[in-house]
Each structure stands twice: as structure tokens, then as C-alpha cells.
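Listed below are the residues making up each chain.
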Amino acid sequence: MIRRRILDSLLENIHELSVLLLLLCTFFFYRHLKKLKRERKLTAFEFCMLIITQIAYLLWAALYLITILGKN
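So, here is what we can say about the structure in this document. Within any chain, residue numbers begin from 1 and follow the written order of that chain's sequence. At least 70 in pLDDT is required for a residue's local features to be given in this predicted model, at least 80 for side-chain atom pairs to be given and counted, and no such filter applies to totals for whole chains, interfaces and linings, which use all residues. Note: side-chain values were computed over all heavy atoms of the structure, leaving out hydrogens and water.

### Some points on the overall build of the chain
Here comes step 1: Looking only at helices and strands, one finds 2 helices and 0 strands in the chain.
Here comes step 2: Radius of gyration here uses only the C-alpha atoms, and the compact-globule reference equals 2.2 Å multiplied by the residue count raised to the power 0.38. Rg of the C-alpha trace for the chain: 17 Å, well past the compact-globule value of 11 Å for 72 residues, more than 25% over.
Here comes step 3: Along the first, second and third principal axes, the C-alpha atoms of the chain reach 60 × 25 × 15 Å.
Here comes step 4: The protein chains shown are the only cover counted for residues, whose accessible areas, like all others here, come from Shrake-Rupley with a 1.4 Å probe. Surface summary for the chain: the accessible area is close to 6500 Å², and the carbon and sulfur share equals 71%.
Here comes step 5: This count recognises Lys and Arg as positive and Asp and Glu as negative, with His and chain-terminal groups excluded. A single reference atom marks each charge: NZ on Lys, CZ on Arg, CG on Asp, CD on Glu. A gap of 6 Å separates the mean positions of the 11 positive and 5 negative side-chain charges of the chain. A helix here means a DSSP run of H or I that spans at least four residues, while a strand means a run of E at least two residues long, and both kinds are numbered starting from the N terminus.

Right under this line is the structure:
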């Protein structure tokens, strides 16, 4: 029983860490794309990735807010 709680807690912490790392990587990729946009015109793929990263951040923030509000 105690092992199960420890394992669940560990897995939850690893999941939160992975989400944090994904957010950080996405943020740096977004900054890279913005820098490229100032230097030159983005390719179609780069432009799509710029839009997708913006949408992903908005969705994550909305879902995180809903999750926090749902716990109370």
C-alpha cells in the first residue's frame, strides 16, 4: 500500500517534470523561430510550427487553469 503511494507520487513527479521540460523546449524553439522571422522570411513549415507552438501554449495554460479551478 505504501509502495503504491510512493510509486504513484514518483510517477506524478516525473510526469510534471516532463511537462516542464517540454514547455521549456517549446519556449526556446518559439524564441528561435521569432528570431528567424526577424532575420528572414519563414518557410511554410517554420511558420506552421510558430503557429502550433503558440496554440499549444494557450491550450496548456487553459487546461492548467481548468485543472487548478477543478481541484477546489
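### A word on the environment of Phe-29
Here comes step 1: Residue position: Phe-29 is located in helix 1 (residues 2–39).
Here comes step 2: Buried, partly exposed and exposed residues are distinguished by accessible area as a fraction of the type maximum, computed with a 1.4 Å probe on protein chains only: under 20%, between the cut-offs, and over 50%, respectively. Since its relative accessible area comes to 33%, Phe-29 is described here as partly exposed.

### Remarks on the packing of aromatic side chains
Here comes step 1: Here a pair means two rings of Phe, Tyr or Trp (six-membered ring of Trp) with centres within 6.5 Å. Their orientation is stacked below 30 degrees between planes, edge-to-face above 60, and tilted elsewhere. Counted under the stated rule, the structure contains 2 aromatic pairs.
Here comes step 2: Residues Trp-60 and Tyr-64 carry aromatic rings whose centres are separated by 5.3 Å and whose planes lie at 15° to one another, so their mutual orientation is stacked. Remark: Tyr-64 and Trp-60 occur in helix 2 (residues 44–71); sequence separation between them is 4 residues, near one turn of the helix.
Here comes step 3: Residue classification places Tyr-64 among the partly exposed positions, given a relative accessible area of 46%.

### Quick word on a positive patch on the surface
Here comes step 1: Nonpolar side chains (Val, Leu, Ile, Met, Phe, Trp, Tyr) are joined into patches within 5 Å and like charges within 9 Å, using only residues with over 30% relative accessible area and no salt bridge. The working definition used for a salt bridge is a side-chain nitrogen of Lys or Arg within 4 Å of a carboxyl oxygen of Asp or Glu. Residues Arg-31, Lys-34, Lys-35, Lys-37 and Arg-38 make up a contiguous surface patch of positive charge.
Here comes step 2: Structurally, Lys-37 is set in helix 1.

### A look at the environment of Arg-3
Here comes step 1: Along the chain, Arg-3 falls in helix 1.
Here comes step 2: Classification of Arg-3 as exposed rests on a relative accessible area of 74%.
Here comes step 3: It is 42 Å that separates the C-alpha atoms of Arg-3 and Met-49, two residues lying 46 residues apart in sequence.

### A closer look at the packing of helix 1 against helix 2
Here comes step 1: Between helix 1 and helix 2, the least distance of the axes is 10 Å, while the angle of their chain directions is 140°. By the angle between their axes, helix 1 is oblique relative to helix 2. Once helix 1 is placed against helix 2, the crossing between them reads as left-handed. Contact residues: Val-19, Leu-23, Leu-24, Thr-26, Phe-27, Phe-29, Tyr-30, Leu-33, Lys-34, Leu-36 and Lys-37 in helix 1; Glu-46, Met-49, Leu-50, Thr-53, Gln-54, Tyr-57 and Trp-60 in helix 2.
Here comes step 2: When the residues that make up the contact of helix 1 with helix 2 are grouped by side-chain class, the tally is 12 nonpolar, 3 polar and 3 charged. The axes used here are C-alpha line fits, helices contributing only the stretch in contact, and every angle between their N-to-C directions lies in the interval 0 to 180 degrees. Roughly parallel covers angles under 35 degrees, roughly antiparallel covers those over 145, roughly perpendicular covers 65 to 115, and oblique covers all other angles. Left-handed describes a crossing in which the near helix is turned anticlockwise from the far one by less than a right angle; the clockwise case is right-handed. By definition in these notes, contact holds between two residues if any of their heavy atoms fall within 4.5 Å. When residues are grouped by polarity, Ala, Val, Leu, Ile, Met, Phe, Trp, Tyr, Cys and Pro land in nonpolar, Asp, Glu, Lys and Arg in charged, and all others, Gly among them, in polar.

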